[in-house]
Every structure is written in structure tokens, then in C-alpha cells.
Amino acid sequence: EVQLMESGGDLAQPGGSLRLSCAASGFTFSGYTMNWVRQAPGKGLEWVSYIGVGGNTIYYAASVKGRFTISRDDAQNSLYLQMSGLRDEDTAVYYCARGALAGPYFDSWGQGALVTVSS
Amino acid sequence: DIQMTQSPSTLSASVGDRVTITCRASQFVSYWLAWYQQKPGKAPKLLIYMASSLESGVPSRFSGSGSATDFTLTISTLQPDDFATYYCQQYHSYPYTFGQGTKLEIK
């Protein structure tokens, strides 16, 4: 069974940093692209970042580019999102989502990690 | 960026109804469109990919159609478990973008 489990969500101050992790199991992690998608309270879904197989291709949403860094450790079956320069508007539930083999839509999602940015 | 616009934003329906949600892209996305279902406090769940392909394990009462810029999600016979929020998403080009969501409520 495919499982994705986020951790690291917390309360952070504006301008602060947090690192989210996503532990993957039940599939060959190294063979899949991975993404972060977020959802602000009561709002819709927003794609945040993509990392390709091997980590050589990376994309970011304009809203986080230059502040967030996505990475992966295939030996540890883990995906990461390093967030710095946090802003109030980064408050959201952050989901890790697996890219499907048949196309870059998201076929499996974690349960989400809540990041709250507030002073 | 490609803007995705869903309609309606809220839909009230009864068990047994046939419902249709539409999604319009601001630019050509071919067939690169997915639909997701999300229930309160839960992660989204993939329903449809490539505009009309049903994800494994998803009931056949869900169907998708469309291409280019105009797409629809249809639920043929609403079940109690279907009351949720539905999102379309284009994956034609980055940044991947979602519609604002359609909340399907019990009438």
C-alpha cells in the first residue's frame, strides 16, 4: 500500500524557517516524481513545488521561489521542503503528492502537515 | 499561468441525482486535466486523469470528458459518499494550477 506521511509542521514566526519531511513507503520512491501542494485554511489547492526522478529537475510556484527548497533522499525514501523567509500567507496544510507514472498528475497524497506562520 | 475556472462554486443536489461540474482553462491544455475529490479534513483523492480516464478503484458513476479548454466531471447517480469538494487541475504546463473548487452539498 502506498503511504506518504508528512511531518515537521509547526508554528513559525514571520521570517522564520521550517523543514517539512515526507516519508514514503509501499512503492519504489526513487522511480517517481514528487510534489508539494498546499491548502490555506478554507481555501483551494495550490501547487508549490516539483522534483523529478533523480532530483535533477525542480520547479517552484512563483509565490515560493527563492524562499523554499525542495529535495529528496532516495536512500531514505524521503521528500523534503525547506521553507525560509516565511510569511503569513504561507500558513497552510502542506501535502506531499506523488506524480503518477502515466503523467504528472498526483495519484497519491499524504495526510498533510499544518504550517502556521504567526507572531 | 493557466487559470482554471470551475462552475458552479456550490452545487446542491440530492442522492440519486445526476450532476455535472464544468472546468474551463484560460489556455489550451489538451487532455492534460485531472479531477480530485476532497472531503473535510482529508487529503484530495484522484478521480480522473487525462480528462476522461478513471483512476483505478474509483466508482464508474464518475466520468470525465472534454479537451482543449473545456471539461466536465459527471456523477451519474449521486451517492451519500459523494458529497465533497471537487477540484480540476491542469498539468499541461508549469505552474500546475487548480480550479477554485466546487462544493457539492446535500439539498
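Our subject is the structure that appears above.
The sections below set out a description of the structure shown in this document. (Residues numbered from 1 in each chain as written. Chains lettered and ligands numbered in written order. Predicted model: local features only at pLDDT ≥ 70, side-chain atom pairs only at ≥ 80, totals over all residues. Heavy atoms only, no water.)

Okay, the overall build of chain A next. Secondary structure assignment for chain A yields 0 helices and 11 strands. Taking 2.2 N^0.38 as the reference for a compact globule, 119 residues should give roughly 14 Å; the C-alpha atoms of chain A span a radius of gyration of 13 Å, in line with that estimate. Seen along its three principal axes, the alpha-carbon backbone of chain A occupies a region of about 40 × 25 × 25 Å. Counting over 119 residues, chain A shows a buried share of 50%. Residue pairs at least 24 apart in sequence account for 53% of intrachain contacts in chain A once pairs closer than 6 positions are excluded. (Helix = DSSP H or I, 4+ residues; strand = E, 2+ residues; numbered from the N terminus. Rg over C-alpha atoms; globule rule 2.2 N^0.38 Å. Buried < 20%, exposed > 50% of the residue type's maximum accessible area, 1.4 Å probe, protein only. Contact = heavy atoms within 4.5 Å.)

Another aspect to go through is the side chain of A:Arg72. Residue and element names in this part refer to chain A. Mapped onto the fold, Arg-72 is located in strand S7 (residues 68-73). Within the structure, Arg-72 has its side chain in polar contact with the backbone oxygen of Tyr-32 (distance 2.8 Å). A polar atom in the side chain of Arg-72 sits 3.0 Å from the backbone oxygen of Gly-52. (Polar contact = N/O pair within 3.5 Å; in protein donor to acceptor, adjacent residues only side chain to side chain.)

With that settled, consider the environment of A:Ser63. Residues and elements named next belong to chain A. Among the secondary structure elements, Ser-63 is positioned in the loop between strand S6 (58-60) and S7. Placed 11 residues apart in sequence, Ser-63 and Gly-52 show a C-alpha to C-alpha distance of 20 Å. Apart from the residues lying within four places of it in its own chain, the contact partners of Ser-63 are Arg-38, Glu-46 and Arg-87.

Residues and elements named next belong to chain B. Taken together, 4 strands build an open sheet; the order of strands is S1-S3-S8-S7 and the sheet is antiparallel. Both outer strands of the open sheet, strand S1 (4-7) and strand S7 (62-67), are each paired with one neighbouring strand and no more. Across the sheet, the mean angle from the axis of one strand to that of its neighbour is 20°, orientation sign disregarded. Summarising the sheet, strand S3 (residues 19-25) and strand S8 (residues 70-75) pair through 6 bridges and their orientation is antiparallel. (Pairing = 2+ DSSP bridges. Axes fitted to C-alpha atoms, helices over the stretch in contact; angles between N-to-C directions.)

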